[in-house]
Amino acid sequence: MLIPLILSGGSGTRLWPISRRNLPKQFLALTGEGTLFQQTIQRARGLPDTGAPIVVASDDHRFLAAEQLQEIQVEGASILLEPTARNTAPAIAVGALRALEKSPDALILVLPADHLIGDNASFSEAVAQARPLAEQGWLVTFGIRPERAETGFGYIQRGDSIDSFGFKVSQFVEKPELEVAQSYLASGKYDWNSGMFLFLASRYLDELAQHAPSMLEAAKAAYTKANVDLDFVRLDSDSFASSPSDSIDYAVMEKTARAAVVPVSCEWSDIGSWDALWMAAAKDEHGNHSEGDVIAINTTGSLIHAHARHVVATVGLDDVIVVTTPDATLVAKRDAAQDVKLVVEELKKAGRTEHDLHRVVRRPWGMYDSLENGERFQVKRIVVKPGAALSLQMHHHRAEHWIVVKGVAEVTCDDKVFLLAENQSTYLPLGSKHRLRNPGKVPVELIEVQSGSYLGEDDIVRFDDVYGRAGTVG
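Residues numbered from 1 in each chain as written. Predicted model: local features only at pLDDT ≥ 70, side-chain atom pairs only at ≥ 80, totals over all residues. Heavy atoms only, no water.

1. Observations regarding the UniProt feature "domain: Nucleotidyl transferase" (unreviewed entry) in the protein
Note the cut-off: UniProt positions are given in the numbering used here, feature names are shortened, and annotations may be inferred rather than shown by experiment. Secondary structure counts use DSSP, requiring at least four H or I residues in a row for a helix and at least two E residues in a row for a strand, with both numbered from the N terminus.
Under the local residue numbering, the UniProt record ascribes the feature "domain: Nucleotidyl transferase" (unreviewed entry) to residues 4-285. Taken end to end, residues 4-285 comprises 36% helix and 24% strand; its first and last C-alpha atoms sit 39 Å apart.

Shown next, in the form of C-alpha cells:
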C-alpha cells in the first residue's frame, strides 16, 4: 500500500504578509483550486493503491489541517502533531511508525504540503517509475529537471543508471553560486532537489537506526507515549524535543548507500518566495500577475496582490512585488524577494504581532476580525459556525459587550443561559465565566467591544472546551 506522508510544519516567512505563523502558505489558496495543502492531498489521492494520508503538522495548525481535509472529503487521515519543530527527518520517522501500523509493507510517499505542481500526470508517472525501486529497498528522491541556473535550490548529481528510469545518487549539493549553477545546467547531470521521497517505511527506519539512532529512539518514544486528542495524535513533547533537529538529507540521504533519484519535469515550484510565485503564476501580456482590485499603468513583470475592498494602483514600475493585507503592505523588487524574511525578523525584534497573526484570525469555531483598537478598547467582528461554540472562559483584565447582527446566539454568563437575536446585545462583566454558542443552522455574526486595562489574547482562562483546549491560557 502507498501511504502519502504530508509534511505541513513550515511557516513560509518569505511570503509575508499573506503567509504568517498562524496561517502559513500551505493553508492558503495562492494559485489554482484549493490551498497548497489541499492540492498536495488531492494529487496523492489520484495515485493507484493509495491509502488514507498521514499528516505531520504543528499543534498550532491542527484545526486548519483537519478543516481543510474535511472540505475535500478526506476520511481516515492521521494527523500527527509536532509539539516543537525538529526538521524533516524526525517528522518522517513518526510518520513511518504510523504507516507501519497500517501495513508492514507500507510505502510512504513523502510530500511537502507547500509545493506547487502544474503537471500532475508527469508527477504520477514519476511515482509509478519510482515505485519498483522503492519496493527493492532503494530510498528514492525525485529530481526536478532544471529549467534555469537557480541558486535558491539544492542539487542532486545523477550517477549510474539503475534501470530505464532511475539513477544512483552521486552526490547532494548545497545551494550553489550562480556560475556553479550554470555549469550544472550545462552538464545535464544535475537535477533540483525537490524534497519529495518514496521508500518503504521499514527501510527508512532501518537507515535511521544505522545513521541517527538517537533520533530514532526519540521518535519511537514520542510516538509510543502519544495521546489521542479528538482527531489528532499528540506526540509526547519531552521525547520529541529530545530528538536531534535534522533534515532527511543530512540524517539519511547523504549517508545511505541506497539513495536513488528519478528525474521528472512536472512544472514544480516550492513557492519559496514572491518571485517564485510570480514565475509559477499566470500573467497578462505585460508579464504581470494581479489579484484583487488592481490598476497597473506602465507596469511590467510584476506581482500585485490587493486585498478585498482595497484598490492598488501602480504607475511606471517594473519587476516589483506589491502585496496588501488589511494590516500590512509589502513593496519590494522581485530580485530581492528572498529578503522578505528580514522584515519578519525585524517585526519579531520589535515585539510586534504582524508576523504572527493576521487581522482576521481563524479558530475551530469560526473566525474573528479585529476592526479597531486603541487605548483600553478593541472592536472585533466574530463569526461562529453553525453548531459551534467558544470555550467557557473568563478574563482578568477586560469586560465585553456583544451585539448580534446576524443569526441567534446562545449566551452563558455565570449561572445564566439565554438567547440573543439580531439587534440584541449583552454585557459580560470582568471576571465573569461566559460562553458563546451557535445553536442554529446559519452562521452567527456579532460585534464584540472589549474594554479594560489589558486586551491581549493571552488573557483567556478556559474552563471547558469542545476542542480540547480546557485548562489552557490564551
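Following the structure, the description resumes.
2. Some words on the sheet that holds strand β16 (residues 303-305)
Under the convention used in this document: Two strands pair under a simple rule: DSSP has to find at least two bridges between them. Fitted lines through C-alpha atoms serve as axes, helices being fitted only where they are in contact, and the angles separating the N-to-C directions of these axes extend from 0 to 180 degrees.
The strand order across the open sheet built from four strands is β14-β16-β18-β19, with neighbouring strands paired in mixed fashion. Of all the strands in the sheet, just β14 (289-291) and β19 (328-333) have a single pairing partner and so form its edges. With direction set aside, neighbouring strand axes in the sheet form an average angle of 5°. Summarising the sheet, strand β18 (residues 320-325) and β19 pair through six bridges and their orientation is antiparallel. Residue Val 322 lies in a different strand from β19, and its bridge partner there is Val 331.

3. A word on the packing of aromatic side chains
Applied cut-off: Note on aromatic pairs: the rings of Phe, Tyr and Trp (six-membered ring only in Trp) are paired at centre separations within 6.5 Å, and the planes decide the class, stacked below 30 degrees, edge-to-face beyond 60, tilted for the rest. Each residue is assigned to one of three classes by its accessible area relative to the maximum for its type, calculated with a 1.4 Å probe on protein chains only: buried under 20%, partly exposed between the two thresholds, exposed over 50%. Either the NZ atom of lysine or the CZ atom of arginine qualifies as a charge over a ring when it sits within 6 Å of the ring centre and within 35 degrees of the ring normal.
Tallying each qualifying case throughout the model produces nine aromatic pairs. Taken together, a centroid distance of 6.3 Å and an interplanar angle of 50° make the contact between Trp 192 and Trp 268 tilted. Within this pair, whereas Trp 192 is found in strand β9 (residues 190-200), its partner Trp 268 is found in strand β13 (residues 268-269), the two being separated by 76 residues in sequence. Trp 268 matches Trp 192 in its accessibility class, with the two residues each being buried. In this structure an aromatic cluster arises from ring pairing among Phe 153, Trp 192 and Trp 268. Between the NZ or CZ atom of Lys 380 and the centre of the ring of Tyr 368, over which it lies, the distance is 3.9 Å.

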